Amino acid sequence: ILLFISKMKKPDKDKLYNDGVFCILPWMSAYINTDSTTWSCCVNKAMTDHSYLKTLPPTWKNDISIMDNSVEDLMNNDYFKQLRLDMLNGVKNKNCSDCYNLEERTGHSYRQDFNQNYDEHFDKVFETNEDGSLDNFEMIYLDFRFSNLCNFKCRSCRPEWSSTWAKESQSFPNHPYQDWDGHIPRHNLKEEEFIDKFKDTFKTVKRIYFAGGEPLAAKEHYWILKHLIEIGNTDVWVEYNTNLSMLKNAELKLSVVDYWKKFRTVIIRVSIDGSEARGEYIRKGTDWKLIEDNFRYVKENLPNVNLGMSSVFQLTNALHLPDFYQDWTDKGLIDEETLRNSNIISLTGPEQLSPHILPKELKVLVREKWNNFMDKNLIAEDINFKRYAKDCLDYMDSEDLYESGKREFEKFTWYLDKIRKEKFSDVFPELKDYYEC
């Protein structure tokens, strides 16, 4: 018996691009979370929506695990099919609420960036069947998080994305994340088995985004680079969000620089939310001198690397970030190329660190400092960085939660300071008059 699945009516491209709903990602991409579950992107809400997850069968993690299922089957499961159908019909799927909320508050979101950057692959949308499935899914963009293995425990992170966070949350009573079950499943595949599982993906993929955890700590990351080199597919863009603390992986006895030299294009955005003591406080585990030295080494020795930064704009660093950017500009570590490859992203969780909890008088000062930095250092071509900064400032001003939210920030900060033997007011004297912690 032959089963025929009819194609949908050819969608109107212009209408989709202008309806405020459509995103190209479900047709050509996948996000693999640290627990191997597979979703549409890293900001989708389904993976953290407990009310939704409770409606799934007890086996849900295995059902959508990349290690227990084929890529093709996962890309045509109910989650992906419904997402495609909603987008084609102008329905705002709740899993995409982060992008929709950002657009309401700032006028811009990740969804719009992906539509612009991957417009050449729009024809894949025409291949959609009436049930939302695709007969021949091809992975173009792959966002791979191998595990929560990480040597840092950044204030804005969680146990799901950091093994050191996970260890801490299980080691102290009344921890903010004590309800987390502490379980991140790890596959038991050997290198050959792992590569064989993804060999078709590595034939079609054009861009791989490595994050984590810390991607430079993950053995699978090196397996993939090695395989791409062996099959001669070094035109793939390899992209990172990394803390850049381990150019040499002591445990694996590998130097990532040896791999990077063999690729045409490497894009590195270093996770830096501040410098010196502030940077070490926000991203616990940071050795500031090491990060600065590693950044300088890559910038001066690897011409195929597009080096930049990814900073999370939040309560603690909103005032400090422009000073840090100015310091590195003065040192020659930040130039026009670096800024073009950098982004500043508004923190949307945990809520205790939201820039919404800044008092109005500080918000005015934050905006003034950022405008001064941009007026002094940016040129007309730096439009993307200006947009990122503007989005963050607009997001900051979209709500005033200082009175209602500062107590939760103080409790969160006080507890972590206590167990980490730190003191917020010593590190951020510019904020100590506003928060009792």
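Relevant structure appears above.
Criteria and cut-off values
Residues numbered from 1 in each chain as written. Predicted model: local features only at pLDDT ≥ 70, side-chain atom pairs only at ≥ 80, totals over all residues. Heavy atoms only, no water. Helix = DSSP H or I, 4+ residues; strand = E, 2+ residues; numbered from the N terminus. Rg over C-alpha atoms; globule rule 2.2 N^0.38 Å. Buried < 20%, exposed > 50% of the residue type's maximum accessible area, 1.4 Å probe, protein only. Contact = heavy atoms within 4.5 Å. Pairing = 2+ DSSP bridges. Axes fitted to C-alpha atoms, helices over the stretch in contact; angles between N-to-C directions. Right-handed = clockwise from strand over helix to strand, strands pointing away. Parallel < 35°, antiparallel > 145°, perpendicular 65-115°, else oblique. Nonpolar A, V, L, I, M, F, W, Y, C, P; charged D, E, K, R; others polar.

**Quick notes on the overall build of the protein chain**
Thought 1: Within the protein chain, the regular secondary structure consists of 20 helices and 12 strands.
Thought 2: For the protein chain, the C-alpha radius of gyration of 22 Å lies close to 22 Å, the compact-globule estimate for 437 residues.
Thought 3: Expressed as lengths along the three principal axes of its C-alpha atoms, the size of the protein chain is roughly 75 × 50 × 45 Å.
Thought 4: Taking all 437 residues of the protein chain together, the buried fraction comes to 57%.
Thought 5: Sequence separation of 24 or more characterises 76% of the internal contacts of the protein chain that already satisfy a separation of 6 or more.

**What about the pairing of strand E9 (residues 266-271)?**
On any regular strand, side chains alternate: one points to one face of the sheet, the next to the other face.
Thought 1: Across the six residues that make up E9, a large majority, six, are buried.
Thought 2: Burial along E9 is two-sided: Val 266, Ile 268 and Val 270 facing one way and Ile 267, Arg 269 and Ser 271 facing the other are all buried.
Thought 3: The pairing of strand E6 (residues 237-242) with E9 spans five bridges and is classified as parallel. Counterpart to Glu 239 in the pairing with E9 is Ile 267.

**Structural notes on the sheet that holds E6**
Thought 1: If you trace the eight strands from one edge of the open sheet to the other, you get E2-E1-E3-E5-E6-E9-E11-E12, paired in mixed fashion. Edge positions in the sheet fall to strand E2 (38-39) and strand E12 (343-346), since each of these pairs with one other strand and no more.
Thought 2: The sheet strands contacting helix H18 (residues 383-397) are strand E11 (305-313) and E12, and the helix crosses E12 at an angle near 20°.

**Examining the pairing of E6**
Thought 1: Taking burial as the measure, the six residues of E6 include five buried ones, the bulk of the element.
Thought 2: In terms of strand pairing, strand E5 (residues 207-211) meets E6 through four bridges, oriented parallel. Residue pairing across strands places Arg 207 opposite Trp 237, the latter belonging to E6.
Thought 3: Regarding the hand of the β-α-β motif, the stretch spanning E5, helix H11 (residues 219-230) and E6 is right-handed.

**What to know about the packing of helix H6 (residues 97-106) against helix H7 (residues 110-117)**
Thought 1: Where H6 meets H7, the axes come as close as 8 Å, and the angle between the chain directions of the two elements is 100°. Between H6 and H7, the angle is such that the two are roughly perpendicular. Listed contacts from H7 to Cys 99, Tyr 100, Leu 102 and Glu 103 of H6 are Tyr 110, Arg 111 and Gln 112.
Thought 2: Residues belonging to the contact of H6 with H7 are distributed by class as follows: four nonpolar, one polar and two charged.

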